[in-house]
Amino acid sequence: MKSKFCNKSIFMGLLSTTPMLHLIILTRLFSHVQRLCHTDEGDALLEFKDCFIIRRNASGDPLAYPKVASWSPKEKDDCCSWDGVECDEHNSHVIALNLISSCLYGSINSNSSLFRLSRLQTINLADNDFNGSLVPSQLSHLPSLTYLDLSSSGFSGQIPLEISQLSNLSFLALSLNQLKLKRPDFSTFVRNLSKIKYLSLSHVDISSPIPSFLANFSSLTSPQFPNSNVWEIPTPTVLVQD
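Going by what an unreviewed UniProt entry lists, the protein chain is known as Leucine-rich repeat-containing N-terminal plant-type domain-containing protein and is assigned to Ficus carica. The record in UniProt for the protein chain states the following under Subcellular location (unreviewed entry): "Membrane".

Here you go:
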């Protein structure tokens, strides 16, 4: 009983202090229980990093640098502060991976730990060298994706139909790779992407015509289909090169 009385006295004493002191005390208390990074997601990021070699010539941007170099197993509980990683401020789940021009050289296979980051909304892997990898169909396991940029990153082969299952996509850039879109054809591929605002397929081998139903996509305004090598253009638009 005495212990409970003492604890109650301490608590009442805290309430009698200034509001600023209340804030400091509460901040320190919550800092001990707040999760800075989910352990499984920190592990997945480190596994993803270990799949690649850092090569300066894997990125064309003169300002490129290896963002993953700062990722450390000793700090995996703080992965939300890592370069190129963004977490939801409410639940600390990883929601964005921005590794544009990060000098990554290697392959992304179907077992990549990337697909364990199930809350991802943004993936930007543009301007790296994935060494002729196929675009992984397992991207469809990330249903929250709204932004996917794989431009100029050494991907090859057929664009998988599974990408079109990402119905929340508003931004999709697959330009400047050795990619083709034949089975499925372009019409089949884009039919489910009703929220798309930016679609960049420059240098993609497309055999089918641009479907007329794109005009009904309310989010895709002022569509353009230039025969151009330019892949950075203002949104919203569609960029296709046959």
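There is more to say after this.
## Observations concerning the pairing of strand E3 (residues 94–98)
Of all the five residues making up E3, four are buried; the element is thus mostly covered by neighbouring parts of the structure. Taken together, the three bridges between strand E2 (residues 85–87) and E3 define a ladder with antiparallel strand orientation. Paired with Glu 86 across the strands is Ala 96, a residue of E3. The antiparallel pairing of E2 with E3 creates a hairpin that spans six residues between the two strands, and Ser 92 there sits at a positive phi of about 65 degrees. Across three bridges, E3 lies against strand E5 (residues 122–124) in parallel orientation. Its bridge partner lying in E5, Asn 98 is registered against Asn 124.

## Remarks on unusual backbone geometry
Phi is positive for Asp 127, close to 60 degrees, though the residue is something other than glycine. Position of Asp 127 among the secondary structure elements: in the loop between E5 and strand E6 (147–149). When its relative accessible area of 11% is taken as the criterion, Asp 127 is described as buried. Here the phi dihedral of Leu 176 falls at roughly 55 degrees; this positive angle occurs in a residue that is not glycine. Mapped onto the secondary structure, Leu 176 falls in the loop between strand E8 (171–173) and strand E9 (178–181).

## Brief notes about the state of the cysteines
What is meant by a disulfide is a covalent connection between two cysteines, made through their sulfur atoms. Within this structure, the stated rule accounts for two disulfides. The disulfide that involves Cys 37 links it to Cys 79, with 1.9 Å between the sulfurs. Every disulfide takes its handedness from the sign of the S-S torsion; for Cys 37 and Cys 79 that torsion is 80 degrees, giving right-handed. Taken as a pair, Cys 37 in the loop between helix H2 (19–31) and helix H3 (39–50) and Cys 79 in the loop between strand E1 (52–54) and E2 lie far apart in primary sequence, 42 residues in all. We classify Cys 37 as buried; its relative accessible area is 4%. For Cys 79, a relative accessible area of 0% translates into the label buried. In this model Cys 80 forms its disulfide with Cys 87; the gap between the sulfur atoms is 2.2 Å.

Each value, and the rule that gives it
Residues numbered from 1 in each chain as written. Predicted model: local features only at pLDDT ≥ 70, side-chain atom pairs only at ≥ 80, totals over all residues. Heavy atoms only, no water. UniProt positions renumbered as here; feature names shortened; annotations may be inferred. Buried < 20%, exposed > 50% of the residue type's maximum accessible area, 1.4 Å probe, protein only. Helix = DSSP H or I, 4+ residues; strand = E, 2+ residues; numbered from the N terminus. Pairing = 2+ DSSP bridges. Disulfide = S-S within 2.5 Å.

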